[in-house]
Structure formats: C-alpha cells, structure tokens
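Inside the fold
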Amino acid sequence: MTLTERGQRLLGVRPEEGRTVWLFFLHNFLLGAGTILVYVAANVLLLENNPERNLPLAYGVAALAMLAAGRVYAHFEHHWLLQKLAVRVLLAAVALAGVLGVLVATGHSVASAIAIMAGYRVIYLLTNLEFWGVSAVVFDVRQSKRLFGIISAGDMPAKAMGAVLAIFIHSNVELPWLLGTAFGAYLLALVALRATLSSHVVEAVPDRRRARQQGVAPGLRDWFGDSRLVLIMCLSLLGLSAVTTGIEYLFFVNVKHRFHDEAAIMQYVGTVLVVTYLLAMLFKLLLSQTAVDRLGVRWVLLVLPVALLGGLALYAGQDRADIGALLRYFCGLYLGLEVLRRAVFDPVFLLLFQPLSVPERLQAHTLAKGVYEPLGMALGGGLLFALHALPGGQTWVPFIWMGSFMLVVLWLLTRTYHQYVAELQHALGQRFAEDVTDTGATAAEAPTPPAPASPADIRQLTEALSSKARRAAATQQLLRLGNTALPTLAEVLNADPDQTLVRRVAQVCGRLRTPASRQLLVALARQPNLFRREAALRALRHFDVAPHEVPLFQALVHDELLLAQQLLHGQTTATPELAGCLDYELTRTQQRVFALLGQIYPPQLIADAQRGVAHAARERQANALEILDNSIARPTYQGLQALLAVAPPAEKERTFDRLLGPLLAPTPIVETIVERGETAFSDWTVRVALDEWQPSSATVPALSPHLRSPSPLVRESAFAQLARLAATQPTLYQQVNTAHQTLATLLMSHAATTSHITATERVQVLQQTALFAETPENVLSSIVPIMNEISFAAGQQIFAKGDLGSSLFIMYEGQVGVFNGPQLLATFGKGDFFGELALLDAEPRSASAVAQGVVTAFRLDQEDFYDVMEERPEVLRNILRVLCQRLRHQNEALQSNG
C-alpha cells in the first residue's frame, strides 16, 4: 500500500474519489489564500481607525453589500448553467481583488477601509457560494458526510499562511503586494475549477418528487422556499451569524485596548489566527468525520451552540479590571468559536441541504449564505453600533443579547434534525401516494358466516392452495374461517416440507390480521429454517409493529448479522464459483435484515430505504443509507452498510469482526453449507458446496438428507458425491450405506428419474439465453422444476399464427423457423428463445413456428412461471429489461429506416 493510499484510507477517501477530493482541496486552498490576504489588508486598515465605532459600521456596510451580491448570484443561478456561473463567479472575484488593490494603493481613509472590508465579505460570499454549489452537485449526501470536512479543510493552511503574513506586515506600503498575491491565487483557483468541471457533469437537474405534505406557508415561500428544513436552517444561521459578529468584534476591540502599537496588534491577531486555522484544519481532517460517525448529525449540530452558551456564561466569572485575563478569555472564546464553527458545524450544516433536490439545494445554500448570514451580520453590527454608547455597551450588554440569540439557535437546531430526517423520507418517498387497500379485511367483514369445517376439510383447503385453479376460492374460504383454521394452518407451517405451500399458508395468516395469526407467523420467523423465516416476514408486512415483540426481532437481526459474518469469512477463502454463491446468500441475508427492521421501526420508512438502496441513482442510494443511519441502531446500521457497500470481502469481514467480535474457530464454509443445507441456503449454493466438499468420517453423515432433497440440483450433486465416495473412499461410502438403510432404493429411483439433460445443464442453458443472462444461478435454479423438455420432428409445427399463446420456448438443439405465411421472419438455434410475450399475456400468436429439423427445446408455461415470479421477482425484472431493450432497438431501426 502506497503512502497516498494510506493517507486516503486514514481520511476515509475511497480510491475512486481521490482525484476529485484533492482537486476540491486545492481549489479551496487557493480560494482561502486569496480571501485571507484580502481579510488581512482590510483589518490592518480598520484597526488603525477607531475600531470601536468603525468595525460595527463596516459589518453593516459589508452585510448590505453581501445581500446585494447574494441577490445577483441568485438571479444568475436561475438563468445560467452551474458550470458557467461558477467560472463567472471566480472571474468576478479576480476583478474585485484588482479593484481592492487600487483602493489600497490610492487611499487609506476610513471609507477605504470599510470599502475593502465590504469587498472582502463579497469575495468571501461569492467564492463560498461557488465552491459549495459545485460540491453539492458533485457529492451525494453520504459522500458529503465523509468528505465535506476534508475538502473544506483546504482553506485552513492558506488562511494560516495569510495570518503569518499579517504578523510581519507593519506598514500600509506592503498591502498592495498582499492583494496582488490574492489576485494570482484566484486565477489559479479558476484553473483548478476548470480541471474539476472537465471530469464531472455539474448540472442542477431537477428530480421529480411528490409534493410535501407539510411545507412552508405560501406567504414565506419567496423567502425560504418550500422546505421547512431551509426555513429553520436559515433562521439558525441568522442568529449564529449575529453572535459570531459580536464575538469577533469583542475580540478585536479588546486586542486594541490591550496593545496600542499597530505592529503588536497585528502580531497578536496574526498569532491567534494561525493557531485557530491550524487547529481547525487538524480537527476537520482527523476529527470531523469521526465526530459525525460517533455522535451522529443530531448531536454534532448542538455542539457549537452548547459550547458558546457555556463560553458566554464564563464571562460572569471574569475580573473586568484584569485586562490581560480578559483578553485571554476573549481570545479563547473567539478561538473556540472559529474552530468549532469551521471544523464541526459548517460541514454538518451544509450536509443538511443534501437531501433536497439539486435546484432546491443550490437555492437553499444561496439563501442561507447570501441572505440570512449577511442579515445576521447586519443585525449583530447594528446592535453593537446602537448599544455602543449605553452603560455596559462594551461589557455585559452584548452578552445578554448574544446569550438570548444562542438559546433561540439551540431550540431551532433541535428542530432542524427532525426536519432533516423528514426531508430524507420525502426524497425516498414514491412520487405518487399509494392507495393501499387491505384485501384480507374483506374476508373478516364478509356478511355470510362461515360454514362449519372439520380439520380434514381445512387440510383439503390448504392443499388446494397449490392448485392455480382452486387457489383463490380456497384462500377466501380459509379467510372466512378465520381463527378456526389456525390449528390446521399451524401444522402446515411447522411440518410440511413443501416450501411453496408454506409460503402461501403464511400469506393467508398475514391477510387474517388477527393476534393469533400473528403469533403463528412470529413463531415461524423464529425457526432456524430461513426460507420459512422469509415467508413469515413477508406475511408480517400486513401487521403494525408490536412493541413487546421488538426485542425478539432484534435478536433475530443479531442472528442474521452473525450469519453474514460467517459468510464473509468463508468468502475470503472460497473458490470463485462458491464466492459468487455466497454473495447471493449475503444479498438474501440483507433482505431478511430489512424485513426484520420493518418489525422494529416504522415499516414505511424501512420500505422506502430498502427501495432506495436498490435504486440505480447514486443520489437515491445515498439518501436511503443516510435515513437508515439516523433511524436504526448504530451497530445494526454499520453491519447493514458493510453488506451494501461495494468493498472487498476482507474489508467487510473486518467491519463485522469489530462489531460482533472475531470468530475464534470458524467452521469451514463448505462444511457449514452442507450441514445446514436448504434450511439456510439456496439449492444452487448447496449444489456447489457438495461438489467441493471433502467429507470425513465425522462429517459424511451430513450427506444423507441431501439424497432425499426435493431439489433436483441438490439430489444430482449428492448422488454424484456418493459415486465419488464409492470410487475413491469406500470406507466412507460404506458408512453412508450402513446409516441409510434405503440407499439402494434411492439409487434405483434416482437412476430411473434422471433426465439425459441434468438440472445443472438446464441452469446453464437458461444463463446462455439473453433473457436470463444477468440472472444469478441461485435464482435460475428455481426455474428448473418448471422446464418441460419437449422434442419436435423436422417440419412439425410448434404453434400456428392465431393460436392462444401461453408458453415460452428455449432452444436446446436444432433450429426453428418463424413464419408469417410463406415468409420466413427469423430462425432460432441453440440458446435462443421465442414466444416470450406469452409469459406476460395470453394473446394470440403473431406468427407460426416450425421445426427446421429435429428439435429439442424447453417449454415454460405461463401459470408455472407466474408462481416462480411471485417467489423470485428478479426473474420478472430481467424479462422486462430484455423486452425493453428489444423494443428500443426496434424503434431505433424504424427511425433509421424512416
């Protein structure tokens, strides 16, 4: 691992983010260098001329200038592309730096000093809006949480450098050189910006979202937009900006009182600024992300106002006659404010805008920084100017209004977090509200009382659930019976080996929605058979969260995370084929964890988050992870995040070892899979494990259950393993034979029922077709039982035009021609498929299909396929994807021909 890689890992920067992060860091460094040099020049001039009166005046003028600049920026933000706006802003900063250089060179009056301070604030505002505007589009909410503290640390060393220069500046003659250097820094920042824009698409593209249920009142939308989050954040920033202005003013005034020599003043101020910026940089780089990770957004937001309230309260214990002690107090107060604001508060405050749509995000940032922060500065400057002449105007009066403002800010920030979570939910919510009707309730409300039914009758009804033709009627009868049917349904759930029947019975229990049916499902979820747990959790979605059962589901979440840890340990040493299977099993584990969380936390929130993490858009994935981070238990979130992350298994393994403790003597993963079998793993994973298994005398008894498996894939591999034992390890074979008294019968039955095309070959056939090419083998294995092998003689018609279509055909051997009358439309060979539309509807065939020679194919019937899609929705998604691709290609062909 190189030094750069080690540094990136220490800071939490992923390899693919490295170039972007360092470009933003350099960009911010150059902006900071230019801005601090202008700041030093302005302060040198202001501290020469009655700062007690002129500093508040400068704050007011600067605030008005910032408000005007913010309005201009907001106007062009709606009329120019963000890339164009960012470049124009930096050009404006370059021009302003030139103008300020002329002012410094030509005049040193109070008016010039105030103008330069106003110019500094405008440059700071414009560069801030440009930098964070581009950052807000390039980074999503999760990246913002990790990286905003790093990229915003770029200006800290630059500002420290500027503060060092301030120490050595003793005359106004040197100020033009500072502004000339600032001019060059802005030009270099423009180069860094162009490099960033060349490698990223920076566009404020609106996304379509559902209207907010609780937005801002219509009369306030022109000032705050439609989001309550923006309203509360802007008001918080207004108050904080006023207090910041007051503390900065008191610091500079007390420095002026303590030192009368201009050189001593600049040396002291410069030293404090150097320490402030260096500490802020270290905090940002090393502690900012850690603080957010450990404390969370909610508490990090409150660190600054709580610390400031404590610092302001300490003034009551100060000896006002001791000028030195008083200066140390104001120095500590100013330093603490700047470090906490820059290293902790600002990155998190800007993060809160990220759940908004991109245009709202940019508008909110412009409002906060371009309107309400300057308003806060004007308010603070106005109060300082107005109260300056009053008794106590320089002592205790500022502390009263600053303390009052901070109490209001603290109250607003406690509300900000809840609005942040609400915006995350809004970002994840579906565009159109769903009208969810409870189909199960109709049975309970049916006016006709149920006829008496014996356990045998109820058993027949449950068996009818396996029949497509009788399923709907049987379901309705069971729902009418209500709790009367539950004892028989419990027998099926606890003992029936048919997983499909268990799933359908669980669905009936879910639709009953009675306390007794819920208890059945909870008991089913607690079983070690994970397929039954999945069926139970799917049915439990019909119920609300039961607080008294939350500990039970939390324990099940812990069990799932332990299984994930075991799978990750196995994945690091598994063969490529088995590692792929374990990846699928980890996905299933993740889905079960989400389902369990839906029984612990608000189900809609968890459902929205689960949809979000599976969404193709990076922004939506990030919002989903963020809402989970702010909603569920921290260890659970960290485990779930590791499962969802695109990272090497070894890294995920370390995360789980840290959360759950290391596995002291883990069982080899192949042995684990063979031992637990289909109660915990899909049949394809068990098949692969059986092929790789090296049994011993202690483990070989685990083979016996697989010889009776309902899955043809598992049976084939089990009998193949048995054949290998007979050939290479007769002792172990004899051990199995002795323990399995009906082995000879099983061998004959297996030989009689084995097709010449094995189940494994059928999975391979499916994966070689475009329709299923991207579907994992673990999913395709569920299609194997419904693959009907059929043969056709040369010239035999497979179906005719106008026939009602209800089957898909997949070619295994030979060729089939598709005709429209005498016209040959297409020819299909091995690996091709045709008739796929019949899987989705039963419309008449649009053409005829005829065997061009001897043909072997597989037929998938619509009814059987519907059952598979009900269990495995991934299959339907892949079919829809392929059909959309075909339709798109046909449209492109028509357009090119036209």
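My aim in this report is to walk through the structure given alongside it, one point at a time.

About the criteria used
- Residues numbered from 1 in each chain as written.
- Predicted model: local features only at pLDDT ≥ 70, side-chain atom pairs only at ≥ 80, totals over all residues.
- Heavy atoms only, no water.
- Axes fitted to C-alpha atoms, helices over the stretch in contact; angles between N-to-C directions.
- Helix = DSSP H or I, 4+ residues; strand = E, 2+ residues; numbered from the N terminus.
- Parallel < 35°, antiparallel > 145°, perpendicular 65-115°, else oblique.
- Left-handed = near helix turned anticlockwise from the far one by under 90°.
- Nonpolar A, V, L, I, M, F, W, Y, C, P; charged D, E, K, R; others polar.
- Core = buried A, V, L, I, M, F, W, Y, C linked by side-chain atoms within 4.5 Å.
- Buried < 20%, exposed > 50% of the residue type's maximum accessible area, 1.4 Å probe, protein only.
- Contact = heavy atoms within 4.5 Å.
- Pairing = 2+ DSSP bridges.
- Phe/Tyr/Trp six-rings, centres within 6.5 Å; stacked < 30°, edge-to-face > 60°.
- Lys NZ or Arg CZ within 6 Å of the ring centre and 35° of its normal.
- Salt bridge = Lys/Arg side-chain N within 4 Å of Asp/Glu carboxyl O.
- Patch = residues over 30% accessible without salt bridge, like charges linked within 9 Å, V, L, I, M, F, W, Y side chains within 5 Å.
- Areas by Shrake-Rupley, 256 points an atom, 1.4 Å probe, with all protein chains shown as cover.

This paragraph deals with the packing of helix 10 (residues 228-258) against helix 12 (residues 323-351). Each pair of packed helices can be described by the angle between their axes along with the distance between the axes. Between helix 10 and helix 12, the shortest axis-to-axis distance is 9 Å and the interhelical angle comes to 150 degrees. Considered as vectors, helix 10 and helix 12 are oriented roughly antiparallel to each other. For the crossing formed where helix 10 meets helix 12, the hand is left-handed. Broken down by class, the residue content of the contact of helix 10 with helix 12 amounts to 17 nonpolar, 3 polar and 4 charged.

With that settled, the discussion passes to the nonpolar core. One finds Phe772, Ile783 and Phe865 to be the most contacted residues of the largest nonpolar core, which totals 258 residues. Per element, the largest residue contribution to this core is 17 residues, and it comes from helix 11 (residues 262-313). Those residues in contact with phenylalanine 772, other than ones at most four positions away along the chain, are Leu766, Gln767, Leu780, Ile783, Ile810, Phe865, Val875 and Ile879. By size, the runner-up hydrophobic cluster in this structure holds 15 residues, among which are Phe799, Ala847, Ala849 and Ala851.

The strands making up a sheet associate through hydrogen bonds between their backbones, and the pairing can be parallel or antiparallel. The 4 strands are arranged 1-8-3-6 in an open sheet whose pairing can be described as antiparallel. What marks the edges here is a single partner per strand, and that holds for strand 1 (788-792) and strand 6 (833-834). The sheet contact formed by strand 3 (residues 807-813) and strand 8 (residues 855-861) spans 6 bridges and is antiparallel. Paired with glutamate 813 across the two strands is threonine 856, which belongs to strand 8. Where helix 34 (residues 759-767) meets the sheet, its contacts fall on strand 1, strand 3 and strand 8, and the angle it forms with strand 3 comes to roughly 105 degrees.

For the rest of this paragraph, the subject is the packing of aromatic side chains. Under the defined criterion, the tally for this structure stands at 21 aromatic pairs. Here the aromatic cluster, defined as three or more aromatic residues joined through ring pairs, consists of Tyr315, Tyr329, Phe330 and Phe399. In this structure, lysine 830 is placed above the aromatic ring of tyrosine 812, and the distance from its NZ or CZ to the ring centre is 5.3 Å. Directly above the ring of phenylalanine 799 sits arginine 845, whose terminal nitrogen or CZ lies 4.1 Å from the centroid.

Looking now at the environment of threonine 758. Take threonine 758: it is sitting in the loop between helix 33 (743-753) and helix 34. In sequence terms threonine 758 and leucine 713 are 45 residues apart; their C-alpha atoms lie 8.2 Å from each other.

Looking now at helix 18 (residues 486-495). When we look at burial in helix 18, the residues that qualify are Leu486, Thr488, Leu489, Ala490, Val492 and Leu493. On its buried side, helix 18 packs onto helix 16 (455-464), helix 17 (471-481), helix 19 (499-512), helix 20 (515-525) and helix 21 (530-540).

The N-to-C vectors of helix 18 and helix 20 enclose an angle of 10 degrees; their axes lie 11 Å apart at closest approach. Viewed along their axes, helix 18 and helix 20 adopt a mutual orientation that is roughly parallel. Residues Leu486, Ala490 and Leu493 of helix 18 pack against Ala516, Ser517, Leu520 and Leu524 of helix 20. Among the residues making up the contact of helix 18 with helix 20, the classes are represented as 6 nonpolar, 1 polar and no charged.

A side chain of one charge can pair with a side chain of the opposite charge when the charged atoms of the two come close. Under the definition given, this model contains 20 salt bridges. Put simply, glutamate 373 and lysine 369 hold a salt bridge, and the shortest N to O gap is 3.5 Å. Here the residue glutamate 373 and the residue lysine 369 both occupy positions in helix 13 (residues 358-387), the gap between them amounting to 4 residues, near one helical turn. Here glutamate 789 ties to arginine 762 by a salt bridge, and the two come within 3.2 Å at their closest N and O atoms. You can see glutamate 789 sitting in strand 1 and its partner arginine 762 sitting in helix 34, a full 27 residues away along the chain. Judged by relative accessible area, arginine 762 falls into the buried class, the value being 10%. The network of salt bridges with shared partners includes Arg533, Glu534, Glu560, Glu585, Arg588 and Arg592.

To continue, consider the sheet that holds strand 7 (residues 848-851). With antiparallel pairing, the 4 strands of this open sheet are ordered in space as 2-7-4-5. Single-partner strands in this sheet number two, and they are strand 2 (797-799) and strand 5 (823-828). On average, adjacent strands in this sheet sit at an angle of 30 degrees to one another, irrespective of strand direction.

Turning our attention to a nonpolar patch on the surface. Together, Leu10, Val275, Leu279, Leu282, Phe283, Leu286 and Leu287 make up a nonpolar patch on the protein surface, roughly 600 Å² of accessible area in all. By secondary structure assignment, the location of leucine 287 is in helix 11. On the basis of relative accessibility, which here comes to 42%, the residue leucine 287 falls in the partly exposed class.

Moving on: the side chain of glutamine 419. Here glutamine 419 shows up in helix 14 (residues 397-428). A relative accessible area of 18% means that glutamine 419 is categorised as buried. Once residues within four sequence positions are removed from consideration, glutamine 419 is found in contact with Arg228, Leu229 and Ile232.

It is worth spelling out the environment of threonine 488 at this point. Relative to the helices and strands, threonine 488 resides in helix 18. Here the alpha-carbon distance between threonine 488 and isoleucine 458, two residues 30 residues apart in the chain, equals 6.7 Å. Sequence-distant contacts of threonine 488, that is, excluding residues within four places in its chain, are made with Pro455, Ile458 and Arg459.

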